[in-house]
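Coordinate analysis (summary)
If you want the building blocks of each chain, they are given just below.
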Amino acid sequence: MPASYARRLLAVERTAEGNAHLGWLLAFVAGATNAGGFLAVHHYTSHMTGLVSAAADGLVLGQHEAWMMAVGALLFFLAGAATTAVLVNLGRQRLAHSIYALPLLLEAACLLAFGLMGAWLASLQGLLVPATVAVLCFTMGLQNALITKVSRAEIRTTHVTGIVTDLGIELGRALVGLGGTPMPANTAKLRLLGGLLLAFAVGGVAGAWAFKAIGYTATLPLAGALAFLGLVPALDDLVRARAR
């Protein structure tokens, strides 16, 4: 049942399977959001490496607008990550079952707002780019911090540098093992990392195609899926609270 699956995905007691499935889903969302956001404002918003480099370039070249944009994006990503930490830690203090659901619901709300307001923002000269970058960077910060806390820093979903690095390491181990050295490949980790990379790539293609076809409303199905996942444990907590 979908509700049971949502509970397993966001359960307080974590499993390797639950972490993998949640990671694959969020990697797809990140890929779609990053690709669609680029088509909207010509800025990538899911990884901070390029933004830090852009800030450095802007500072050295005297391009103050580019520097301020990059620094602002970085701060919004940081704020999103901090918000997830606050929500998760408050949920733990209250022994809630929805401690991982609240950041997911907030992420869904951000994507919903972007999908509904994108066309309106596009009509306002000078507001579309900074507003879009702020919302999407905050959203990706929320998400990356969520999967980091859920998986105890084993999974990242908003960028693929670490994924490809870890995948290369595991493939190297596998090659050594094939050569007769007792170093067997970690097939579970290979499957996890390969799934994350594939999910991000497929999400990117889907997000770019959907944005090209229907515009800003392409984010609404993503928001709906995340909202459903988050609402199930959140409603469970409400039912328990009323039953006390």
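Residues numbered from 1 in each chain as written. Predicted model: local features only at pLDDT ≥ 70, side-chain atom pairs only at ≥ 80, totals over all residues. Heavy atoms only, no water.

Glancing now at the packing of helix H2 (residues 16–41) against helix H5 (residues 101–122). Two numbers describe how H2 lies on H5: the axes approach to 13 Å, and their chain directions differ by 25 degrees. Our classification of the angle between H2 and H5 gives roughly parallel. At the point where H2 passes H5, the crossing takes the left-handed sense. Two secondary-structure elements touch here, H2 through Leu26, Val29, Thr33 and Ala40 and H5 through Leu104, Glu107, Leu111 and Phe114. A class-by-class count of the residues in the contact of H2 with H5 yields 6 nonpolar, 1 polar and 1 charged. (Axes fitted to C-alpha atoms, helices over the stretch in contact; angles between N-to-C directions. Helix = DSSP H or I, 4+ residues; strand = E, 2+ residues; numbered from the N terminus. Parallel < 35°, antiparallel > 145°, perpendicular 65-115°, else oblique. Left-handed = near helix turned anticlockwise from the far one by under 90°. Contact = heavy atoms within 4.5 Å. Nonpolar A, V, L, I, M, F, W, Y, C, P; charged D, E, K, R; others polar.)

Here we come to the packing of aromatic side chains. Overall, the coordinates contain 3 aromatic pairs when judged by the stated rule. Plain terms: the ring middles of Phe114 and Tyr216 are 5.5 Å apart, the flat faces sit at 80 degrees to each other, and that makes the pair edge-to-face. Pair noted here: Phe114 is in helix H5 and Tyr216 is in the loop between helix H8 (187–214) and helix H9 (220–243), with a separation of 102 residues, a long-range link. Its relative accessible area of 14% is what places Tyr216 among the buried residues. Geometrically, the ring pair formed by Phe211 and Tyr216 is edge-to-face, given 5.2 Å between the ring centres and 85 degrees between the ring planes. (Phe/Tyr/Trp six-rings, centres within 6.5 Å; stacked < 30°, edge-to-face > 60°. Buried < 20%, exposed > 50% of the residue type's maximum accessible area, 1.4 Å probe, protein only.)

Let's shift gears to the packing of helix H4 (residues 64–93) against H5. Axis separation between H4 and H5 bottoms out at 8 Å; the angle between their running directions is 140 degrees. In terms of orientation, H4 and H5 fall into the oblique class. Contacts from Thr83, Thr84, Leu87 and Val88 of H4 reach H5 at Leu102, Pro103 and Leu106. In terms of residue class, the contact of H4 with H5 is built from 5 nonpolar, 2 polar and no charged.

Looking now at the UniProt feature "transmembrane region" (unreviewed entry) in the protein chain. Those places that UniProt annotates as "transmembrane region" (unreviewed entry) correspond, in this numbering, to residues 21–41, 66–88, 100–121, 127–147, 192–211 and 217–235. Annotated as 100% helix and 0% strand, the span residues 192–211 places its first and last C-alpha atoms 28 Å apart. As annotated, residues 217–235 comprises 84% helix and 0% strand, and the C-alpha atoms at either end are separated by 26 Å. (UniProt positions renumbered as here; feature names shortened; annotations may be inferred.)

Within the secondary structure layout, Asn19 lies in helix H2. Beyond its immediate sequence surroundings of up to four residues, Asn19 is in contact with Arg14, Ile147, Val150, Ser151 and Ile155.

We now examine the side chain of Ser151. Mapped onto the secondary structure, Ser151 falls in the loop between helix H6 (128–150) and helix H7 (161–178). Only 3.3 Å separates the side chain of Ser151 from the backbone nitrogen of Glu154, close enough to count as a polar contact. (Polar contact = N/O pair within 3.5 Å; in protein donor to acceptor, adjacent residues only side chain to side chain.)

This paragraph deals with the pattern of salt bridges. For the structure shown, the criterion picks out 4 salt bridges. Residues Asp236 and Arg7 are paired through a salt bridge, measuring 2.6 Å at the closest nitrogen-oxygen approach. Of the two residues, Asp236 is situated in helix H9 and Arg7 in helix H1 (residues 2–9); the sequence distance between them amounts to 229 residues. A relative accessible area of 16% places Asp236 in the buried class. The partly exposed category is assigned to Arg7, whose relative accessible area is 37%. One salt-bridge network, in which partners are shared between bridges, spans Glu170, Arg173 and Lys189. (Salt bridge = Lys/Arg side-chain N within 4 Å of Asp/Glu carboxyl O.)

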